[in-house]
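Spelled out, the chains give:
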Amino acid sequence: MKIGILSRNAKLYSTSRLVETIKARGHEAHVIDVIRCYMNITSHNPGIFFKGQKLEGFDAVIPRIGASITFYGTAVVRQFEMMGVYSVNESVAISRGRDKLRSLQLLARKGVGLPVTGFAHSPDDVEGVIKMVNGAPLVIKLLEGTQGIGVVLAETENAAKSVIEAFLGLKTNILVQEFIKEAGGADIRCFVIGEKVVAAMKRQGAEGDFRSNIHRGGTTELIKLTPEERSTAARAARIMGLNVAGVDILRSNHGPVVMEVNSSPGLRGIETATGKDVAGMIVDFIEKDAKPFNTKTRGQG
Ligand code: ADP
Ligand code: MG
């Protein structure tokens, strides 16, 4: 097979692990920087050019689209889909996952456990939305934040009010969320491939930080999932339409709650914590699932 990895940097751990695994299986691996792709949007012969050369003969692509290039990156994935190239995660599913509000609404609709979450536009509704999530302490999040940046814990009602007002004043979209204190600054990353949780780890935030992101100094350890956590994570990925996903769960008093579903989950943390060959499992999945035009949406929507 000829497989493209849509990534900005071939030296990243996840990218290089995928390249090495694909080659070890006797396939061809090409790292394609999506921001150096340009496209020909035509109905008869849609094409993609990379640094002046037409991309041809690809059997599959693995999108690893960074949050800062979501718009352009998903456009390139969509173009591959129009050309009939199989993408392990589809453009529509990636876009869904990048918007925290949209993701939570999709999950809520299917009855997945979530932290109580509010969303408001008008500064007049700040008190209403604080009350809705049962008051402070509460968590405030930028809709498109990542790596823990843009996630704030407001410990008192007054702090919550002024932070929310400040964000709304800046015309920034935010979520207001119940603080799951009992999670103790830890969350669980479930790595899902093709509707199955293939690996899981616990991430514990640095001393004094309620955010468990590895980029914020969090550490990882092995964890055994309950059957409920396992099925919640698998369902969340399926609802989002992602074949490969990192589903982040908090252990709350009211059972597992899904915080977010990541469409380009990193491999380093999970492979190191679990000792599993997650890259190999992604390639296994592609070998089974990749067929021309095997996209649910063909880039529509
Ligand atoms: P990001 O996309 O920036 O990673 P998250 O929503 O995943 O944003 O939040 C970052 C971290 O903050 C989470 O991994 C978790 O440890 C902590 N966190 C987020 N929301 C809550 C919450 N409602 N209650 C408790 N901890 C939370
Ligand atoms: Mg996160």
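Quick caveat: nothing in here was measured; it's all calculated off a predicted structure. (Residues numbered from 1 in each chain as written. Chains lettered and ligands numbered in written order. Predicted model: local features only at pLDDT ≥ 70, side-chain atom pairs only at ≥ 80, totals over all residues. Heavy atoms only, no water.)

Could you give an account of the site of ligand 1, with specific residues and numbers?
Neighbouring ligand 1 are 21 residues; Lys100, Lys141, Gly148, Asn213 and Glu260 lie closest to it. Here a nitrogen atom of ligand 1 and a backbone polar atom of Glu178 are 2.8 Å apart. Its free accessible area being 550 Å², ligand 1 has 98% of it covered by the protein chains. Elements with a minimum of two residues in the shell around ligand 1: strand E9 (138-146), strand E10 (149-154), strand E11 (174-178) and strand E16 (255-262). When residues of the shell around ligand 1 are assigned to their parent elements, the largest contribution, 4 residues, is made by E9. Grouping the constituent residues of the shell around ligand 1 by class yields 8 nonpolar, 7 polar and 6 charged. Viewed by domain, the shell around ligand 1 spans two of them, domain 2 (97-113 + 182-277) and domain 3 (117-178), each represented by three or more residues. (Near = heavy atom within 4 Å. Polar contact = N/O pair within 3.5 Å; in protein donor to acceptor, adjacent residues only side chain to side chain. Areas by Shrake-Rupley, 256 points an atom, 1.4 Å probe, with all protein chains shown as cover. Helix = DSSP H or I, 4+ residues; strand = E, 2+ residues; numbered from the N terminus. Nonpolar A, V, L, I, M, F, W, Y, C, P; charged D, E, K, R; others polar. Domains from an automatic or database assignment.)

Could you give me a rundown of the side chain of Arg203, with the residues and numbers involved?
Relative to the helices and strands, Arg203 is located in strand E13 (residues 196-204). Judged by relative accessible area, which is 8%, Arg203 ranks as buried. Within the structure, the side chain of Arg203 is placed 2.7 Å from the side chain of Asp187, a separation counted as a polar contact. A polar contact is formed between the side chain of Arg203 and the side chain of Asp248, at a distance of 3.1 Å. Setting aside its immediate chain neighbours within four residues, Arg203 contacts Gly185, Ala186, Asp187, Arg189, Ser212, Ile214, Thr219, Thr220 and Asp248. (Buried < 20%, exposed > 50% of the residue type's maximum accessible area, 1.4 Å probe, protein only. Contact = heavy atoms within 4.5 Å.)

Lay out the domain arrangement of the chain with the relevant residues and their values.
What the domain assignment reports for the chain is domain 1 (2-93), domain 2 (97-113 + 182-277) and domain 3 (117-178). Spacing between the C-alpha centres of domain 1 and domain 3 amounts to 36 Å.

Outline the nonpolar core, supporting the account with residue identities and numerical values.
Counting 27 residues, the largest nonpolar core has Leu107, Cys190, Val247, Val258 and Val261 as the members making the most contacts within it. Looking at this core, the elements with two or more residues in it are helix H4 (100-109), strand E12 (186-193), E13, helix H7 (227-240), strand E15 (244-252) and E16. Counting residues in each nonpolar core, the second largest holds 26 residues, with Ile22, Ala199, Val283 and Ile286 among its members. (Core = buried A, V, L, I, M, F, W, Y, C linked by side-chain atoms within 4.5 Å.)

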